[in-house]
Amino acid sequence: MRGLGVERPPTVLLAVIASTFFVGFGGGVVFPILPNLGSVLGISAFMVGVILSANRWVRLVANAPAGALVDRYGTRTPFVAGLFVEGIATLGYVVALALPSAASLRPLAASLPSASVGPVALGPEQWVTPIALVVAPETWFLLARVLWGIGSAAVFATAYTIAADLSDSGSRGTNMGVVRGGITMGFPVGLVIGGVVSALAGNVAAFVVAAAFALTASLVAARYVPETHVTGDRSGDAIKPWDVDTTVPAVTVGLVNFGLMFAYIGALFATLVLFLDAKDISLFGLAPQGTSGLFMAGTVLSAACFMLVGGRVSDTRNSRTPVLLSFLVVSFAGFLLLARAGSVESLALACVCIGAGQGGTSGPMMALLADLTPDERMGRASGTNNVLGDVGGGLGPLVSLPLVDAVGFAPIYAACAALPLAAGVVLLVGVRRETGTFLPGRAAGETSH
């Protein structure tokens, strides 16, 4: 055990899995709804991309402080607080839909008298427009995503650190995969809620259900997750957003995460609902929103299954590197299939492969980071990994949504296929530089034979 010798670690891991699973609904629920809702609310494709990626940009400045706080003060308090903040953020989606759009306020403005501020006369449009901006749905969607980013930075840093604290080299890949699976499995449920529940009962109902489960997650964590982390010196310098771990293992794993998140969350999830509409692909007669929710859920279910497989297999091998490389190739194949997909069957196969590649790398990748990172820096190392992953996930919607309009879907998905291969090269270079071998052993400093 790397941490404080917590009793009944399986119970603690189950509580972490349940908490991250429930709170994950709020992360997925917005994806099937917002791209199509954008046209209804008069939000541009660029603004939709900004909203979808806002949580990741916020985490860029929140991840490093979250990791440093974990190393300095422990895991329990930031984990519980982060889950609660994410629950409140999910409620923000409900508020956003309850507010009037700027377009709906214009007729009201036309019926109002002019006002004056000192010697300056203001027409109705001039003083109603700032109010409309403040109460506009896109403003509140953006604020909710910002708040979500702050909470999730704390949750991600603590969840992985708890798993590392409760593991040794023979169980680290499995435990990391299980915890990552819990974090990820909530996302497809959120996608289903966002796609199917919104189609059956409306968007507000979908967001309310997600918010209720997200708030329940903080209660589960407060009841069952104890302190697990050996904390460091609390009298050090102030914690800064740029206080990331710049060691070779942290940067290497983070760059791999960057490539995968750009392609998977950043590009695929942001464009799939539009791809389905363009290709006229539907499941069970559902509109693109509902269909995209099911397909995205399929990718994440595949990812969750292969997280367990990848983590467990890496725990039984001398080195985790071959397992990681294998799943990166699977991800490459999945995006190539996606670029050529034109039917339900071909799209389903592509989604399964993409999910398998994404999931299969997660457990071994975080386990490799823990193998090569001292206990007292694991929080910061997790923060670095999250920072680089969020750069990828944040850039994805901003780049892919406008480019899809310009060049189409196939070139974008084909370009995404190259990213896992580039990540494999980075992985090999990084582990070779840190350990002197392409096949570092599961214990830090150990090499396989």
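Structure: above.
Residues numbered from 1 in each chain as written. Predicted model: local features only at pLDDT ≥ 70, side-chain atom pairs only at ≥ 80, totals over all residues. Heavy atoms only, no water.

1. Here we look at the packing of helix α3 (residues 45-73) against helix α14 (residues 378-407)
Point 1. Closest axis-to-axis distance for the α3/α14 pair is 8 Å, and the angle between their directions is 175 degrees. Comparing their axes, α14 and α3 come out roughly antiparallel. (Axes fitted to C-alpha atoms, helices over the stretch in contact; angles between N-to-C directions. Helix = DSSP H or I, 4+ residues; strand = E, 2+ residues; numbered from the N terminus. Parallel < 35°, antiparallel > 145°, perpendicular 65-115°, else oblique.)

2. A word on a nonpolar patch on the surface
Point 1. A surface patch of nonpolar side chains, amounting to about 390 Å² of accessible area, comprises Phe 84, Ile 88, Leu 91, Leu 147 and Ile 150.
Point 2. For the nonpolar patch, the element with the most residues is helix α4 (residues 76-98), which contributes three residues.
Point 3. Take Ile 88: its relative accessible area is 35%, and that puts it in the partly exposed class. (Patch = residues over 30% accessible without salt bridge, like charges linked within 9 Å, V, L, I, M, F, W, Y side chains within 5 Å. Areas by Shrake-Rupley, 256 points an atom, 1.4 Å probe, with all protein chains shown as cover. Salt bridge = Lys/Arg side-chain N within 4 Å of Asp/Glu carboxyl O. Buried < 20%, exposed > 50% of the residue type's maximum accessible area, 1.4 Å probe, protein only.)

3. Side note on the environment of Ser 382
Point 1. Of note, Ser 382 is situated in helix α14.
Point 2. Every residue in contact with Ser 382, bar those within four places of it in the chain, is listed here: Ala 157, Tyr 160, Thr 161, Met 366 and Leu 369. (Contact = heavy atoms within 4.5 Å.)

4. A short note on the packing of aromatic side chains
Point 1. For the structure shown, the criterion picks out 15 aromatic pairs.
Point 2. The interplanar angle of 80 degrees and the centroid separation of 5.2 Å between the aromatic rings of Phe 21 and Phe 25 together place this pair among those described as edge-to-face.
Point 3. Residue classification places Phe 25 among the buried positions, given a relative accessible area of 3%.
Point 4. Ring geometry for Phe 156 versus Tyr 160: centroids 6.4 Å apart, planes at 75 degrees, classification edge-to-face. (Phe/Tyr/Trp six-rings, centres within 6.5 Å; stacked < 30°, edge-to-face > 60°.)

5. Description of the nonpolar core
The nonpolar side chains of a soluble globular protein tend to be buried with one another.
Point 1. Grouped together as the largest cluster of nonpolar side chains are 51 residues, with contacts concentrated most on Phe 31, Phe 269 and Leu 347.
Point 2. The greatest single-element share of this core, amounting to ten residues, is contributed by helix α10 (residues 248-279).
Point 3. When sequence neighbours within four positions are dropped, the list of residues in contact with Phe 269 reads Phe 31, Phe 187, Leu 191, Tyr 264, Met 296, Thr 299 and Val 300. (Core = buried A, V, L, I, M, F, W, Y, C linked by side-chain atoms within 4.5 Å.)

6. Focus: the pattern of salt bridges
Point 1. Scanning all chains against the criterion turns up two salt bridges.
Point 2. Two residues, Asp 315 and Arg 320, come together in a salt bridge whose shortest N-O distance is 2.9 Å. Per residue, the accessibility class of Asp 315 equals that of Arg 320, and both read buried.
Point 3. Arg 320 is the partner of Asp 371 in a salt bridge, and the nearest nitrogen-oxygen pair spans 2.6 Å. Of this pair, Asp 371 sits in helix α13 (residues 344-371) while Arg 320 is found in the loop between α11 (288-315) and α12 (321-340), placing the two residues 51 residues apart along the sequence.
Point 4. Overall, Asp 371 belongs to the buried group, its relative accessible area being 3%.
Point 5. Taking relative accessible area as the criterion, Arg 320 reaches 1% and is therefore assigned buried.
Point 6. Three or more residues are tied together by salt bridges with common partners; here these are Asp 315, Arg 320 and Asp 371.

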